[in-house]
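Below, each chain spelled out in residue letters.
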Amino acid sequence: MLQSVFLQEPTSLLTTSSTPRSTAEESPTPSFRYDFQDLKAKVPATSSQSYKSLAILSGHVGSVSCLALCGEFILSASHANDIIVWQQPDLRLFTKFGQGDGAVKAILTSGNRVFTAHQDSRIRAWQVSRSSENVFRLIDTLPTTKDYLGKCMKQRRNHKSLWIEHSDTISCLALSAGLIYSASWDKTLKVWRLSDFKCLESVRAHDDAINGISAGNGMVYTASADGRIKAWGRGVAGLSCRKVLEGHKDVSFNAVVLTEDGGFVYGGGSDGSLMGWRWEGWRPVCDVRAHESAVLCLCLMGERMMCSGSADKNICVWRREVGGGVFRHMVVKGHHGPVKCLQASPLRVGGGFMLYSGSLDRSLRVWWVPIECVI
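Reading the values: the criteria
- Residues numbered from 1 in each chain as written.
- Predicted model: local features only at pLDDT ≥ 70, side-chain atom pairs only at ≥ 80, totals over all residues.
- Heavy atoms only, no water.
- Helix = DSSP H or I, 4+ residues; strand = E, 2+ residues; numbered from the N terminus.
- Buried < 20%, exposed > 50% of the residue type's maximum accessible area, 1.4 Å probe, protein only.
- Salt bridge = Lys/Arg side-chain N within 4 Å of Asp/Glu carboxyl O.

(A) Molecular detail of unusual backbone geometry. With an omega of 10°, the peptide bond between Gln 88 and Pro 89 qualifies as cis. By the secondary structure assignment, Pro 89 is in the loop between strand S4 (83-87) and strand S5 (92-97). Residue Pro 143 is bonded to the preceding Leu 142 through a cis peptide linkage, with omega at 0°. On the secondary structure map, Pro 143 appears in the loop between strand S9 (136-142) and helix H2 (145-154). A positive phi angle, close to 60°, is found at Asp 250, a residue other than glycine. Topologically, Asp 250 is positioned in the loop between strand S17 (238-246) and strand S18 (253-258). Here the phi dihedral of Trp 282 falls at roughly 55°; this positive angle occurs in a residue that is not glycine. Looking at Trp 282, the relative accessible area reads 18%, which means it is buried.

(B) Structural view of the pattern of salt bridges. Evaluated as defined, the whole model comprises six salt bridges. Across the pair Arg 193 and Asp 196 runs a salt bridge whose closest N-O atoms are separated by 2.7 Å. By relative accessible area, which is 30% here, Arg 193 ends up partly exposed. Under the relative-accessibility criterion, Asp 196 is labelled partly exposed at 36%. Residues Glu 246 and Arg 228 are paired through a salt bridge, measuring 3.2 Å at the closest nitrogen-oxygen approach. With Glu 246 in strand S17 and Arg 228 in strand S16 (residues 228-235), this residue pair connects regions lying 18 residues apart in the sequence.

Printed below as a string of structure tokens:
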């Protein structure tokens with residue numbers, strides 16, 4: 001087993017600009033792997049115990065920008081355009097894949113397919129198959145060649161770009177009801193059909209870069225550097241804005257999550273705030289100072305738990321109350337850089353759940369978080 005190492009602070013500074021600049025990264029440090037065979041012995045028996053750090057995975061060349069769960073695999077990607085596949089339960093490095101220019105900004109999984117959003121304004125679709133040597137095989141790039149050529153035939157010559165193309169970094173992806181939603185720093189929201197990857201619609205959604213997206217229950221929510229979260233509904237004519245949720249003055253929204261039942265939506269702000277609204281009547285349900293610095297990511301676990309990651313290097317675990325309010329459950333500390341992405345496992349382990357976090361310190365960390373005290 002490799003020995004644990006101290007991780008270095010990233011050399012670049014976190015900025016509040018809506019168009020971040022890429023920076024050079026140092027070589028990665030070795031990985032420390034936790035032996036999951038000892039899980040029952042290592043995980044606290046009661047929820048009165050605190051969280052536990054189970055693993056530090058340090059194989060990325062650049063800052064970790066996004067992650068996702070895909071069956072037995074954990075996928076993590078970085079600003080250096082590398083995607084690493086970690087296999088559970090031993091968390092060994094299984095393989096690497098990737099293609100395109102610039103950072104990987106978002107990962108979305110659907111069955112045996114993986115979609116990655118890139119700084120080069122493209123979405124790449126990958127097929128996951130254990131039957132072939134190339135487990136993660138590139139099957140298409142969105143917009144597809146067929147879709148692209150079809151639109152080119154109809155496009156007027158004086159147009160600089162097609163409406164099916166994003167013109168800047170694709171920052172986030174969401175999936176709902178057979179549709180993929182992509183949002184970009186170009187301020188647009190696009191809709192793609194999952195079955196054939198055809199672009200169905202493009203909407204000028206915000207006045208500034210879109211940083212986060214969440215979809216479900218017939219609604220799509222976009223969070224933007226313009227300080228607004230917009231709620232979009234689908235009708236016969238396509239997407240239309242149903243509500244604009246205002247944040248704090250001169251504060252951008254970096255992340256947004258929608259509860260599984262669609263009843264509540266929460267957004268994380270650049271001032272460290274966490275705000276929430278009830279879908280019925282769009283009534284505010286919470287507005288708390290969650291972190292000392294910007295909230296960069298949010299994720300949900302089950303019906304009652306939510307986690308927020310911040311530029312202050314900490315992760316806050318929240319208990320969601322029946323009315324939508326939030327109560328701080330605990331603070332998870334350990335990263336040496338801003339926490340850029342979070343993913344919670346839907347399965348409970350030993351009275352708690354597994355939480356995965358990626359950071360600008362170039363590491364992916366695995367935590368056990370207790371929840372038995374949450375009713």
